[in-house]
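Analysis of the macromolecular model
Each chain, letter by letter, is given below.
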Amino acid sequence: DTAVSQTPKYLVTQMGNDKSIKCEQNLGHDTMYWYKQDSKKFLKIMFSYNNKELIINETVPNRFSPKSPDKAHLNLHINSLELGDSAVYFCASSPFSGQANYGYTFGSGTRLTVV
Amino acid sequence: AQSVTQLGSHVSVSEGALVLLRCNYSSSVPPYLFWYVQYPNQGLQLLLKYTTGATLVKGINGFEAEFKKSETSFHLTKPSAHMSDAAEYFCAVSDTGGSQGNLIFGKGTKLSVKP
């Protein structure tokens, strides 16, 4: 069983389109995250949710909207896609918010290519 | 604010040689420190972590790291490199007492292993 699963694994789309990436964790964790990894492998946090409540919302264009229907799911919807949105997006989870000593469990990533 | 600096974006070693990947951190509170590994086209996997207690921590695949507060360092080592160790390695820091406890990643070090 995959602990943190993301779909799709690859996503190629045209500029201006709207797309969603889904993430699910079966670890019973309370907190979930979205990270963006750019072409230079730099990882930057975008959002975190604790038990369906938004905790972190870094400086991200409002074209990006996370949605957490329950604590096991955190989806990322992106409107009006731009070339600069091309990246690998990682979902992660951790047991509790504010207790980072447990570390995170990451999904395998979604490679988004905007053409 | 916490930050992480990884010295050397690319390290190349011969199979059987010592692996040393450098990480220095900046933190206003006692840090939690992590090393993650990312194999090609995969997500991040936790190698090891330091939270409290023994400053020399052992992780998976024969890796270990030592927390040195006086040097604000958390370097990753492995006595003998294996071809399968070729990957991207990320050092990360988190605050211990914040309400968020999110991970801040370094820019990564790509490890190449020559036969």
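To be clear, the structure that these remarks concern was listed above.
These numbers come from a predicted model, not from an experiment. (Residues numbered from 1 in each chain as written. Chains lettered and ligands numbered in written order. Predicted model: local features only at pLDDT ≥ 70, side-chain atom pairs only at ≥ 80, totals over all residues. Heavy atoms only, no water.)

It is worth spelling out the pairing of strand β8 (residues 73–78) of chain A at this point. All names here are of chain A. Residues Leu74, Leu76 and Ile78 of β8 are buried on one face, while the alternating residues His73, Asn75 and His77, pointing to the opposite face, are not. Relative to β8, strand β3 (residues 19–25) runs antiparallel, the two sharing four bridges. Within β8, the residue paired with Ser20 across the bridge is His77. Between strand β7 (residues 64–70) and β8, which pair antiparallel one after the other, the connecting turn spans two residues. (Buried < 20%, exposed > 50% of the residue type's maximum accessible area, 1.4 Å probe, protein only. Helix = DSSP H or I, 4+ residues; strand = E, 2+ residues; numbered from the N terminus. Pairing = 2+ DSSP bridges.)

It is worth spelling out the pairing of strand β4 (residues 31–37) of chain A at this point. Residue and element names in this part refer to chain A. Burial runs high along β4: six of the seven residues are buried. Both β4 and strand β5 (residues 43–50) contribute to a ladder of seven bridges, which runs antiparallel. Directly across from Met32, in β5, lies its bridge partner Tyr49. Across seven bridges, the pairing between β4 and strand β9 (residues 87–94) is antiparallel. Residue pairing in the sheet places Trp34 in a bridge with Cys91 of β9.

Glancing now at the environment of A:Ile78. Turning to its location among the elements, A:Ile78 is positioned in strand β8. What A:Ile78 contacts, discounting residues up to four positions off in sequence, is A:Asn17, A:Asp18, A:Lys19, A:Arg63, A:Phe64, A:Asp85 and A:Leu112. (Contact = heavy atoms within 4.5 Å.)

Right, let's get into the environment of A:Ser5. Residues and elements named next belong to chain A. Here Ser5 shows up in strand β1 (residues 4–7). Once the C-alpha coordinates of Ser5 and Phe106 are considered, the two residues, 101 residues apart in sequence, prove to be 8.5 Å apart. Apart from residues no more than four positions distant in its own chain, Ser5 is found in contact with Lys22, Cys23 and Glu24.

Residues and elements named next belong to chain A. Scanning all chains against the criterion turns up one cavity of 30 Å³ or more. Lining the largest cavity we find Asp30, Met32, Tyr49, Asn51, Lys52, Ser68, Lys71, His73 and Leu74. In terms of residue class, the lining of the largest cavity is made up of three nonpolar, three polar and three charged. (1 Å grid on protein atoms, 1.4 Å probe; cavity = no way out; pocket = protein on both sides within 12 Å on 5 of 7 lines; lining within 4 Å. Points joined across faces, edges and corners; volume = space filled by probe spheres on them. Nonpolar A, V, L, I, M, F, W, Y, C, P; charged D, E, K, R; others polar.)

What follows deals with the state of the cysteines. Among covalent bonds in proteins, the disulfide is the one between the sulfur atoms of two cysteines. Residues and elements named next belong to chain A. Across all of its chains, the model carries two disulfides over all chains by this definition. The partner cysteine of Cys23 in its disulfide is Cys91, sulfur to sulfur 1.9 Å. Disulfide Cys23-Cys91: torsion about the S-S bond near -80 degrees, hence left-handed. Within this pair, whereas Cys23 is found in strand β3, its partner Cys91 is found in strand β9, the two being separated by 68 residues in sequence. (Disulfide = S-S within 2.5 Å.)

Now for the sheet that holds strand β6 (residues 56–58) of chain B. Residues and elements named next belong to chain B. As summarised here, the arrangement of the five strands in space is β1-β3-β8-β7-β6, forming an open sheet in which the pairing is antiparallel. The open sheet has two free edges, formed respectively by β1 (3–7) and β6, since each of these has just one partner strand. Direction aside, neighbouring strands of the sheet carry axes that sit 20 degrees apart on average. Direction of pairing for β6 relative to strand β7 (residues 64–68): antiparallel, over a ladder of three bridges. (Axes fitted to C-alpha atoms, helices over the stretch in contact; angles between N-to-C directions.)

Moving on, we come to the layout of surface pockets. In this structure, the largest pocket occupies an estimated 250 Å³ of space. What lines the largest pocket is a set of 19 residues, and nearest its centre among them are A:Gln37, A:Lys41, A:Val88, A:Arg111 and B:Asn41. Secondary structure elements with two or more residues in the lining of the largest pocket: β9 and β11 (110–114) of chain A. With four residues, β11(A) is the single largest residue contributor to the lining of the largest pocket. Classifying every residue of the lining of the largest pocket gives five nonpolar, ten polar and four charged. Around the second largest pocket, the lining residues are A:Lys36, A:Asp38, A:Phe42, A:Lys44, A:Ile45, A:Met46, A:Thr59, A:Val60, A:Pro61, A:Phe64 and A:Asp85. No other element matches the three residues that β5(A) contributes to the lining of the second largest pocket. Looking at the lining of the second largest pocket, its residues break down into six nonpolar, one polar and four charged.

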